[in-house]
Amino acid sequence: MLGSRARGPGRQSETRAVVLIGFMGAGKSSVGRALGEQLGWAFEDLDERIERRERQKVDEIFRDSGESGFRRAEHAALKELLNELRAGAARIVALGGGAFVQRRNARLVEAGGAPIVFLDAGVEELWRRCRQQARQNGIERPLLGSLKSFRELYEARRPHYLKASFKQETGGKTVERIAAEVVQALRLDRSRGIRGEKQ
Ligand code: S3P
């Protein structure tokens with residue numbers, strides 16, 4: 001179901017942040033950017049914050065420090081980001097595909113109170129998008145693996161993603177349409193964004 005509400009209504013009309021979660025290839029960054037533009041809210045990609053803090057690309061962190069090193073850096077960056085959100089900036093935040101799966105991260109995000117949106121698509125579509133991004137933009141995803149391992153990881157993680165406030169289908173839709181559907185489903189208000197000054 002589109003924009004389906006997985007949990008209670010929350011306080012969307014007062015929301016000043018939205019957190020996007022979902023598997024690799026779900027469109028968290030591109031939808032996040034479009035949402036930011038539609039609302040006049042700042043957009044932040046957690047992986048980019050990790051790279052700035054660590055002064056290394058995500059694939060280099062995996063190579064040099066392993067997945068456990070990456071998860072430590074991810075948790076530290078998430079804590080920092082959530083503290084900034086608490087200070088009041090209206091913001092769209094995209095988390096990397098494994099971030100919300102870590103219990104301590106999920107607890108932190110949930111405690112923040114912002115709606116959490118699970119962007120989803122069929123696993124073959126997600127795989128196709130990741131392969132295309134690797135070919136066209138050189139995006140290296142250390143956990144991409146084979147279609148078989150990709151599918152297994154997706155299935156293992158999906159129950160975690162389903163704890164989100166909303167699930168938004170992305171298959172066969174433009175990024176702008178997905179963003180518009182999220183705005184409508186969450187009843188987000190442009191005037192509460194950073195440029196709107198109703199803060
Ligand atoms: C990961 C997904 C990546 C990135 C890292 C780990 C994962 O982000 O955080 O490679 O565990 O699924 P995207 O979901 O943006 O590809």
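All values reported here derive from a predicted model rather than from experimental measurement. (Residues numbered from 1 in each chain as written. Predicted model: local features only at pLDDT ≥ 70, side-chain atom pairs only at ≥ 80, totals over all residues. Heavy atoms only, no water.)

With that settled, the discussion passes to the nonpolar core. Counting residues in each nonpolar core, the largest one holds 56 residues, and the members touching the most others are Ile 21, Leu 35, Leu 95 and Phe 150. When residues in this core are grouped by element, the largest group, ten residues, is from helix α3 (residues 58–86). Setting aside residues up to four positions removed in sequence, Phe 150 forms contacts with Phe 23, Met 24, Val 123, Leu 126, Trp 127, Cys 130 and Leu 144. (Core = buried A, V, L, I, M, F, W, Y, C linked by side-chain atoms within 4.5 Å. Buried < 20%, exposed > 50% of the residue type's maximum accessible area, 1.4 Å probe, protein only. Helix = DSSP H or I, 4+ residues; strand = E, 2+ residues; numbered from the N terminus. Contact = heavy atoms within 4.5 Å.)

Attention now moves to the environment of Arg 151. As for its placement among the helices and strands, Arg 151 is situated in helix α6 (residues 147–161). It is 9.9 Å that separates the C-alpha atoms of Arg 151 and Gly 122, two residues lying 29 residues apart in sequence. Excluding residues that lie within four positions of it along the chain, Arg 151 makes contacts with Val 123 and Glu 124. Here the side chain of Arg 151 touches Glu 124 through a polar contact of 2.6 Å, side chain to side chain. (Polar contact = N/O pair within 3.5 Å; in protein donor to acceptor, adjacent residues only side chain to side chain.)

So, about the packing of helix α2 (residues 46–54) against α3. It is at 8 Å that the axes of α2 and α3 come closest, and there the two elements cross at 110°. When the axis of α2 is compared with that of α3, the two are roughly perpendicular. The segment α2 lies against α3, with Leu 46, Asp 47, Arg 49, Ile 50, Glu 51, Arg 53 and Glu 54 engaging Val 58, Ile 61, Phe 70, Ala 73, Glu 74, Ala 76, Ala 77, Leu 78, Glu 80, Leu 81 and Glu 84. (Axes fitted to C-alpha atoms, helices over the stretch in contact; angles between N-to-C directions. Parallel < 35°, antiparallel > 145°, perpendicular 65-115°, else oblique.)

Attention now goes to the packing of helix α5 (residues 123–137) against α6. At a closest axis distance of 10 Å, the pairing of α5 and α6 adopts a crossing angle of 125°. The orientation of α5 relative to α6 falls into the category oblique. The handedness of the crossing between α5 and α6 comes out as right-handed. Contacts between α5 and α6 involve Val 123, Glu 124, Leu 126, Trp 127 and Cys 130 from the former and Leu 147, Phe 150, Arg 151 and Tyr 154 from the latter. (Left-handed = near helix turned anticlockwise from the far one by under 90°.)

Attention now goes to helix α7 (residues 175–186). Taking 1.5 Å per residue as the helical rise, α7 with its twelve residues ought to reach 16 Å, and the 17 Å between its terminal C-alpha atoms agrees with that figure. Every buried residue of α7 is listed here: Ile 178, Ala 179, Glu 181, Val 182, Val 183 and Leu 186. Against β2 (17–21), α1 (28–39), β5 (116–120) and β6 (166–169) lie the buried residues of α7. Downstream of α7 by one or two residues, Arg 187 has phi in the positive range, about 50°. (Expected span 1.5 Å × (residues − 1).)

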